[in-house]
Amino acid sequence: MEQPEAQLARRAAEGDEHAFRMLVNGHAPRVYQVCLRITGDAHRAEDAMQEAFLSAHKALGAFEERSRFSTWLHRIAVNAALQLVRRERTWDERRAQPIPVADSVALDPLDTVAAEGVADPEREAASELAGEATARALHQLSGLERLAFVLRHFEQMAVREVAEQLAVSESSVKQAVLRAVRKLRVSLADHQELASHA
């Protein structure tokens, strides 16, 4: 963005809708990724993203410039996605819905763009395949396993925090994360073996 985020946030808090649109446009892809990881469903991720931006818009006056706007917005997105999941109580009843390939790439934790902003085509292709494999692997987990793993490892929440968010015991979270890690290792090892023979 051409202008510092803090300045845009300040202008948006004062009623500048153009400034807020600039913030939305700049952060929508990342916010969607967070919501997709947590909800495990493209449509629910869209709903959670919209809710996150609505919440952020209402709370702009409370944004303190001591923290980065992206960090503040990330927390709001996590909360919006978790509220949606808790409201629907789908995480403990089913596996995540299949995620379209175009969306699954967003689950890849590797950054495919060099620091200068120029993509390395070979690395990007490998990362896309890894992203698809990660999405398929996450889809194989139960709802509790996926959420516990995502919150613990992607969102860096403490076990206690994850347990509170999901209203389960800490031991349940630990067991779910361990099961998720085992399953993901197997799934991703199969992917790497196939890739090496390609």
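Up top is the structure these notes are about.
Residues numbered from 1 in each chain as written. Predicted model: local features only at pLDDT ≥ 70, side-chain atom pairs only at ≥ 80, totals over all residues. Heavy atoms only, no water.

(A) Layout of the packing of helix α3 (residues 42–59) against helix α4 (residues 69–88). Remark: α3 packs on α4, axes separated minimally by 8 Å, with the N-to-C direction vectors making an angle of 130°. In terms of their interaxial angle, α3 and α4 are classed as oblique. Once α3 is placed against α4, the crossing between them reads as right-handed. In this structure, α3 uses R44, D47, A48, E51, A52, F53, S55, A56 and A59 to contact α4, whose residues at the interface are W72, L73, I76, A77, A80, A81, L84 and E88. Here the contact of α3 with α4 is built from residues that sort into 12 nonpolar, 1 polar and 4 charged. (Axes fitted to C-alpha atoms, helices over the stretch in contact; angles between N-to-C directions. Helix = DSSP H or I, 4+ residues; strand = E, 2+ residues; numbered from the N terminus. Parallel < 35°, antiparallel > 145°, perpendicular 65-115°, else oblique. Left-handed = near helix turned anticlockwise from the far one by under 90°. Contact = heavy atoms within 4.5 Å. Nonpolar A, V, L, I, M, F, W, Y, C, P; charged D, E, K, R; others polar.)

(B) Broad picture of the pattern of salt bridges. Within this structure, the stated rule accounts for 5 salt bridges. Across the pair D16 and R11 runs a salt bridge whose closest N-O atoms are separated by 2.9 Å. Linking E164 and R160 is a salt bridge whose minimum nitrogen-to-oxygen distance equals 3.3 Å. Here E164 and its partner R160 are both found in helix α8 (residues 159–166), 4 residues apart, which amounts to about one turn of the helix. Taken together, the salt bridges that share partners define one network made up of E145, R179 and K183. (Salt bridge = Lys/Arg side-chain N within 4 Å of Asp/Glu carboxyl O.)

(C) Structural context of the nonpolar core. Judged by nonpolar contacts, the single largest core of 53 residues is most densely connected at V31, C35, I38 and F69. Those elements that provide at least two residues to this core are α1 (5–13), α2 (17–39), α3, α4, α6 (121–139), α7 (143–154), α8 and α9 (170–196). When residues of this core are assigned to their parent elements, the largest contribution, 11 residues, is made by α4. (Core = buried A, V, L, I, M, F, W, Y, C linked by side-chain atoms within 4.5 Å. Buried < 20%, exposed > 50% of the residue type's maximum accessible area, 1.4 Å probe, protein only.)

(D) Region of interest: unusual backbone geometry. In this model, Q156 sits at a positive phi of 60°, which is unusual for a non-glycine residue. With respect to the helices, strands and loops of the structure, Q156 is situated in the loop between α7 and α8. Accessibility expressed as a relative area gives 60% for Q156, which makes it exposed. You will see that A167, though not glycine, has its phi angle at about 55°, which is positive. Among the secondary structure elements, A167 is positioned in the loop between α8 and α9.

(E) View of the packing of α2 against α3. The geometry of α2 relative to α3 is characterised by a closest axis approach of 8 Å and an angle of 140° between their N-to-C directions. In terms of orientation, α2 and α3 fall into the oblique class. The handedness of the crossing between α2 and α3 comes out as right-handed. Counting all contacts with α2, which are made through E17, F20, V24, H27, A28, V31, Y32, C35, L36 and T39, the residues of α3 involved are A42, R44, A45, E46, A48, M49, A52, F53 and H57.

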